[in-house]
Structures are given as C-alpha cells and as structure tokens.
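# Fold and contact review
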Amino acid sequence: MKNSDQYFKNDCETATVVDLQENWAVVELDEKGACHNCGAKMLCRPNGSGKRILRISNTINANIGDQVLIEQIGANQLKLTLIQYGLPLIGFLAGVLLTGRFIKDSILGVPVEIIQMFCGILVVILSGFGIYFWSKRKAKRGFYVFRLREILNSTRK
Amino acid sequence: MNLILIFISAAIINNYVLVSFLGICPFIGVSKKLGSAVSMGMATTFVMTITAAVAWLLNKYILVGLHLEFLQIVSFILVIASLVQLVEMFIKKVSRPLYDTLGIFLPLITTNCAILGLALFLVMKQYNFTESIVFGFASGVGFTLALVIMAGIREELELAEVPQPFRGAPITLIVAGCLALAFMGFSGLI
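My aim in this report is to walk through the structure given alongside it, one point at a time.

Criteria and cut-off values
Residues numbered from 1 in each chain as written. Chains lettered and ligands numbered in written order. Predicted model: local features only at pLDDT ≥ 70, side-chain atom pairs only at ≥ 80, totals over all residues. Heavy atoms only, no water. Pairing = 2+ DSSP bridges. Helix = DSSP H or I, 4+ residues; strand = E, 2+ residues; numbered from the N terminus. Axes fitted to C-alpha atoms, helices over the stretch in contact; angles between N-to-C directions. Contact = heavy atoms within 4.5 Å. Buried area = accessible area lost by both parts, 1.4 Å probe. Polar contact = N/O pair within 3.5 Å; in protein donor to acceptor, adjacent residues only side chain to side chain. Nonpolar A, V, L, I, M, F, W, Y, C, P; charged D, E, K, R; others polar. Buried < 20%, exposed > 50% of the residue type's maximum accessible area, 1.4 Å probe, protein only. Core = buried A, V, L, I, M, F, W, Y, C linked by side-chain atoms within 4.5 Å.

Time to look at the sheet that holds strand S5 (residues 146-153) of chain A. Residues and elements named next belong to chain A. Here five strands make up an open sheet; going across it, the order is S3-S2-S1-S4-S5 and the pairing antiparallel. Of all strands in the sheet, those with a lone pairing partner are strand S3 (53-57) and S5, marking the two edges. Put simply, the sheet's adjacent strands are angled 45° from each other on average, direction ignored. Judged from the five bridges that link them, strand S2 (residues 24-29) and S3 form a sheet pairing that is antiparallel. Following the sheet pairing, Val-26 is matched in S3 by Arg-55.

Below you can see the structure in the form of structure tokens.
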C-alpha cells in the first residue's frame, strides 16, 4: 500500500511564484503531461495568456521564483461549485417550470415557451447578483479554494 | 409522471457517458479528483440545461419555421459555442475569483460532444419545451453521476497496488468498461 503522504502529494499541484502582490502570491501552474495532446489546451486558460495563473494568499512567505506545492481545499471547492453553477441552474429551472405552470396561453402573440425562457434567464441574472454579493462577503472573510502548502525549491540562500 | 420517467431514462437508463459513449474525453480527463469531477459535472449540467432550452426554441421557431432543418448540426454547434462564451462572460463579470477557480471547466465543455448529442437527441425525440429542459437537466445529472462514480473509484485506485502494465490509462478504461456493463443492467427498466 502507498502511504498517505504520497497519496496527498498526488492530490496537489506544483507551481512557480511569478509575482508578489502585498499578501498574495501570483503563481504559474506547471503544465501536466496530459495537456500536450489536448485539443482544448489553449481554451482552458482563463486569462487568455496560455498559462494557468492563480492568485493565492501567501501564507508561507514564498518569494518570486520559488517552486511551491499548492493544495486544493475540496470542501470549499464543492461549496463554490454549488453556488456558482447550482444556484443559477435551480433558478433557471424554477423560472421556466413555474412560468409554464401559471401561464398556459401566449400573451400578446408571444408564445408561452419564449415567456418561459425569458423568465428563466431573468432568474439566472438575479441569481448572478446573489453570487456577486456572496463572493464579496466570502472574500472579506478569507475564503479560498487553493492554499500554498510548502516551498519545494527556494530561491532564497 | 412523464417528466419523472424522462428524468430517470436520461440520467440512468440512457446515460450519455456509460450507455451512449458520448463525452468520453472529460469522463477520462477530469475524473482523477472528486472535487474536479463534481465541478465539471455541475458546469456541464448547467450548460446542458440551457442548451436544451435554446436548441428547442431555435429548432421550432427558426429551423422548422423556415424549413432549414438541414442546418441543424451547424446551428447547434454555433449555439453551444456562443452559449458557453456567454456563460463564461457572465461568471467573469459576476465574480472574478470564482471565474479564476472554476472557469477552467467552461471552455472544455465547448468540445464536449455530449452537448451536441443532447441537442440532436431532443429534436429526434420530439419533446415539448418543458420535457426538453427536464431531458437536458437529467442528461447533465447522468453525466455528473458517471463522472463522480469514476472519480471515486480512481481515487481509491491511487491507494491500490495496480500491476505495472495496468497503471494509468489501461486500468481507467477497464473500470469504465465495468461501469458501462453495470449500467447496462438498467436497460428495460422503463
């Protein structure tokens, strides 16, 4: 059997610190071998630079050029996922299905389906405001998904 | 009752990944960690549900209305790509930290053939608007279910002593085959 530390390290990502901003470290994640042949390689970089960049709270005092181990906090990621995708999804379903239940005929020549769709999208936009305020409040309280676990290769002598 | 049957049928009996073998790329690629699998599954469910609604409206009021049914595949691809971009822009505006953390899953959905399969299937099955949305949602739930089961097994496999020739892709494909066999047991339920 493998030991738990080896298992844990398999669950982490390695990255290099490229910038420091007050108490935050900007890190560039090392590319995985599986990425080389992936057709969507250039699409899955949120900032469009072709590099996977993350801004993480610098709790271990890392410096520019340090190679660091990044830990993903599963519970927080799950919570974020449910809020980010779950809330608009439930809103959309509720908007569409409830409108369909109460409105049976077209209004002013507009078909019921288009009214249902409009209501669904309206609830999605409203849920967007909810997510906006929720994430602002959580950011103030130091809620994060990734954290720096240890420095693997330090540039400091 | 009809909606419940559609839900069970799309999520379990005709599971996109394990029965129709659609969306195999993210199924293998994003099923290494449970957290990532749930995130990818939720993002896909969200996009699938909205795609089902948009594809139904597009098909009924534009393609069928103007007798342009031969443009179905092209227009659905365009709709899915635009929709994913819109959702991405929406999340980016709503919350930048959320986008940086989970936004990575959205562009990957553009290349997921299960979404195009969903749009084509719902036209073929001639569902009404509400049924189409339930079908889209259930397909996403089925996709998430397959991804989460696979991720759970792969996390356990990390701790197991797998023989050297079977490590990595071979054992993953064997597990996927076993799961597909297990899901075949649901056929004929409805």
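With that settled, the discussion passes to the interface of chain B and chain A. Every contact between the two is made by 41 residues of chain B and, on the other side, 40 residues of chain A. Contact between chain B and chain A buries roughly 4,000 Å² in total, counting both sides, with carbon and sulfur atoms accounting for 72%. Here chain B is connected to chain A by two residue pairs in polar contact (both at pLDDT 80 or more). Of all the secondary-structure elements, those providing two or more residues to the side of chain B that touches chain A are helix H3 (34-64), helix H4 (72-94), helix H5 (96-102), helix H6 (105-110) and helix H8 (129-157) of chain B. Looking at which element gives the most residues to the side of chain B that touches chain A, the answer is H3 of chain B, with 16 residues. Here the side of chain B that touches chain A is built from residues that sort into 25 nonpolar, nine polar and seven charged.

All names here are of chain B. Here Ser-9 lies in helix H1 (residues 2-13). On the basis of relative accessible area, Ser-9 is assigned to the buried category, the value being 18%. In contact with Ser-9, other than residues within four places in its own chain, are Asn-14, Asn-15 and Ile-190.

The two faces of a sheet get side chains in turn, since along a regular strand they alternate between them. Residue and element names in this part refer to chain A. Relative to strand S4 (residues 67-72), strand S1 (residues 13-21) runs antiparallel, the two sharing four bridges. If you follow Ala-15 over to S4, its bridge partner there is Val-68. Taken together, the six bridges between S1 and S2 define a ladder with antiparallel strand orientation. Each bridged residue has a counterpart across the sheet, and for Ala-15 the counterpart in S2 is Leu-29. Here S1 folds back onto S2 in antiparallel fashion, the turn holding two residues, of which Glu-22 has a positive phi close to 50°.

Phe-92 of chain A together with Phe-27, Leu-106, Ile-109, Phe-129 and Phe-135 of chain B are the most contacted members of the largest nonpolar core, which totals 67 residues. It is H3 of chain B that provides the largest number of residues to this core, a total of 16 residues. Apart from the residues within four sequence positions on either side, Phe-129 of chain B is in contact with Val-96, Glu-113, Gln-116 and Met-117 of chain A together with Ala-53, Trp-56 and Leu-57 of chain B. Leu-54, Val-145, Phe-146 and Leu-148 of chain A belong to the second-largest nonpolar core, a separate cluster that totals 16 residues.

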